[in-house]
Every structure is written in structure tokens, then in C-alpha cells.
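Notes for the structure review
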Amino acid sequence: MIGFKNFEFLIAWRYLKSKRKDGFISIITWLSLIGITLGVATLIIVMSVMNGFRDEMLEKILGMNGHITVVSNFAGDDINDYKSVEKSISKIPSLHNKKIKSIPIIEAQVMVAANNNSFGTMLRGIDYTDIEKITPLYDGLKGAEPTNFKEGEVLIGTTLARKLGVYEGDEITITTARGNITAFGTIPRIQSYTVGALFNTGMSTYDSNFIYMPLDYAQNFLDMEGVVNYIELFIENPDDADTIATSINGMIRPINRAISWRVQNSSFVSALTVERNVMFLILTLIILVASFNIISSLVMLVKDKSHDIAVLRTIGATRSNIMKIFFLSGSFIGVVGTFMGLILGVVISENIEIVRQIFQTLTGTKLFPEDVYFLTELPSKIDYSEVCWVVIMSLGISFLATIYPSRKASRQQPIDVLRYE
């Protein structure tokens, strides 16, 4: 038995060093380390971007559209006595301790024009006092108080304003197909409005396609006096939406019904979950490929060091010692690669928008188009519990990859090697 303490570490480290005669093995070792580093980093970055994208999208969508929507139970109908519906909801005993904000909304597709530019947009009519209930919209005003909004002026997104070439205080013309019926057919209704303020929610869909108008003006313009299309409800905890919607349905059915955001966006939420899981599986293959490189490099190292193994066995090294030497060599690649990937992944995830801007400048292309992804910035949110699982998985795969070469080395018989020396 060799008496030198921890000699396995010294020999394992020596085998990892590059020598002229076994330089090819060293190259494969470095490629294995780089592969694991890139695999772990890529997995962390992509999962963080997916988390950020999901949270940002849900936050924007829920912030602009509410957590529960009350609509007529009859297809195509509007809510006539919407104020009584709001009162009925407020009287539900189980909801007395819930902070519920309700916003009656009227909505229609219109044509907006200015400076010889015209676009199809969505017109939303809401009460002046309800603006602050829609957090992304209120924050998107950048501190500008839309005091003129209640006097008949409108709010439009910054992207739409740029397309139209208008600024705050300019006039725009809005046309609706809900016009006056005459003997010659329906004549579209056209009305000019002044831009009271511009908003920037950070979500391209709303900033380029929505116009907000005072509710009473919208009802008059669309010839829908006293009615709304639906009522949006904002609650304190979006996760309670299904339970609260059930309670509301018990009060307002069968004339109206409440739909939670999960039901309304079920396809979108499911698609994000599936995409995230598939990306995780695909990117895990990078780490698996790198682990096969560890196996191949160690197998070749065992072949190359067969004489060294025989000598070590003859001077007292046990099979356990030999196995430990090659296990440590392979594990070093996995551990160093994993933690280098961890650092690289976290640093890039924390500065993903800066990285995007750099790549856009270098390549001259848009890597995250607003009109495709609906967001103006590339989002990222690091879930450190997921990061821990990525590290554990990478280390586990790396350790497993060293078992076969290590066992192969420990089973070599000294006499079979030295006989042919």
C-alpha cells in the first residue's frame, strides 16, 4: 500500500497537464471543459430569458387587461346595466375582504388618421378615474397627468404617435364603421380629437395599436349610450382569479359571466410552459455531448497511462486508488466546467439587454424585434432554484461519465501490461 497521503490528487492533476506526446488527449479534455461551460451557461441564460419573458408578458397582459373579465352570457351582446353588475359584485360576502377594482370598458375597431397617415387601431373607452387602476398605462404616462382626458381628449401610444407623426396637443381623426343609417346605407362616423397625452407601456402591441377615450365620449361616438362591452376586474393576487370568478358567477349568472385570466389565456400559458420544458431538454443535450467527450478523453488517457497504472499497482496502489485517480481527473473537468458556466450564465443573464445591444451593433440586425415579441427590451429573470438544479444535473452527469473509464483503469492487470514492455 502506498503510504503517501492523497497521492491520487497529485497524480490526477499531473495527468490533466498537457504533454507533447499526449497533447491530443489534452485537447479533448479542454473541449470537454469548454462544452460543459457553454452548456451550463446557455441553459441558465435561456431559462432566465424564458422566465423573464413569461413574467413580463403576463405582467403586461394582466396589467392592461385585468385578472377577471365580466361579459354578457349571450354571444355578441353588451352589458346594459353595468353599474348594477358592479354593485352586485361588491355585495358578494366572500369578497368583502378582497381588494377588487372594476373598470367598465367599451371597445371597438376604428381607423385613425393624421398627416396623410392612417392605421387600423383599437379604441377603448374608460372613465377618467379608472386610468390609475391600469398600472402599466398610468405608469406609461411618465408622470404626465391626463387632466384633459376627461374633457374629450384621447391618449395614444408613443409608437402609434410616431407612425402618425403627431405629438401631444395635435389633432387626429378617428373613423368608426358604426355610423348613421341612411337611405343610402350606413355612413361611417368621423370625429376629430386632440391628443391629450402619450403613453409608453413598454409593450409594442398596446403602444402601437390602442387609443384611450373617455367612456362617455366613446359611448356617444360609437352610439352605445349606457352600455359597455365588458367589465375588467383587477384583484390583489392574480392566483385567486379562478376562485373569485366562481364566486362572482354565482351572483351574476345567467345574464352575465366572469372569466379568469387563466381561462382567457390558457393557450398562451400552456405554450410558454411547453416551450420552456422543450428548451430545457434540448439544451441539456449540450451537457450530455460534453460528458461523452469526458468519457472518450478518459478512455484514451487510461490507454495512454496503462504502463503508469501497472507500475502503481506493483508498488502497492489498490484498485480503489487507481479508480479514484481517474475519477478525480474526469470530475475536475465537470466541476470546473460547471462553475465556469454558472458564473458566465449568471453574468450574461444579469446583463442580457446590454449583450443584446452589443450583438445588434456588431451584426447590424435586430435580435429581439418589438413587433414579433411585443416587448421593447429583452427580459431576464434568474430563478436560483432552477440554477441549482442545472448545477446539480451537470455535476451528476459529469460524475457518471467518469465511472466507466475509472472502472476500466482499476481492472487492468499489471502483469498483462508489463509482460510486453
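Quick note: structure is the one above.
Heads up: these notes are all about the structure in this document. Keep in mind it's a predicted model, so treat the numbers as computed, not measured. (Residues numbered from 1 in each chain as written. Predicted model: local features only at pLDDT ≥ 70, side-chain atom pairs only at ≥ 80, totals over all residues. Heavy atoms only, no water.)

Focus: empty space enclosed by the protein
Here the idea is plain: a probe the size of a water molecule rolls over the atoms and shows the empty space left. A complete count under the given rule lists two cavities of 30 Å³ or more for this structure. Elements supplying a minimum of two residues to the lining of the second largest cavity: α2 (23–65) and α15 (384–410). Of the residues in the lining of the second largest cavity, the class split is four nonpolar, two polar and two charged. (1 Å grid on protein atoms, 1.4 Å probe; cavity = no way out; pocket = protein on both sides within 12 Å on 5 of 7 lines; lining within 4 Å. Points joined across faces, edges and corners; volume = space filled by probe spheres on them. Helix = DSSP H or I, 4+ residues; strand = E, 2+ residues; numbered from the N terminus. Nonpolar A, V, L, I, M, F, W, Y, C, P; charged D, E, K, R; others polar.)

Points about the packing of aromatic side chains
Inspection of every chain in the model, using the stated rule, returns five aromatic pairs. Ring centres 6.5 Å apart and planes at 25° place the aromatic pair Phe-210 and Tyr-212 in the stacked group. Both residues of the pair, Phe-210 and Tyr-212, count as buried. Among the aromatic residues, those joined into a cluster by ring pairs are Phe-199, Tyr-206, Phe-210 and Tyr-212. (Phe/Tyr/Trp six-rings, centres within 6.5 Å; stacked < 30°, edge-to-face > 60°. Buried < 20%, exposed > 50% of the residue type's maximum accessible area, 1.4 Å probe, protein only.)

As for the side chain of Arg-189
On the secondary structure map, Arg-189 appears in strand β6 (residues 185–199). Buried within the structure, Arg-189 lacks any salt-bridge partner; its nearest side chain of opposite charge belongs to Asp-223, at an N-O separation of 4.5 Å. Only 3.2 Å separates the side chain of Arg-189 from the backbone oxygen of Asn-220, close enough to count as a polar contact. A distance of 2.9 Å separates a polar side-chain atom of Arg-189 from the backbone oxygen of Phe-221. (Lys, Arg positive; Asp, Glu negative; His and termini not counted. Salt bridge = Lys/Arg side-chain N within 4 Å of Asp/Glu carboxyl O. Polar contact = N/O pair within 3.5 Å; in protein donor to acceptor, adjacent residues only side chain to side chain.)

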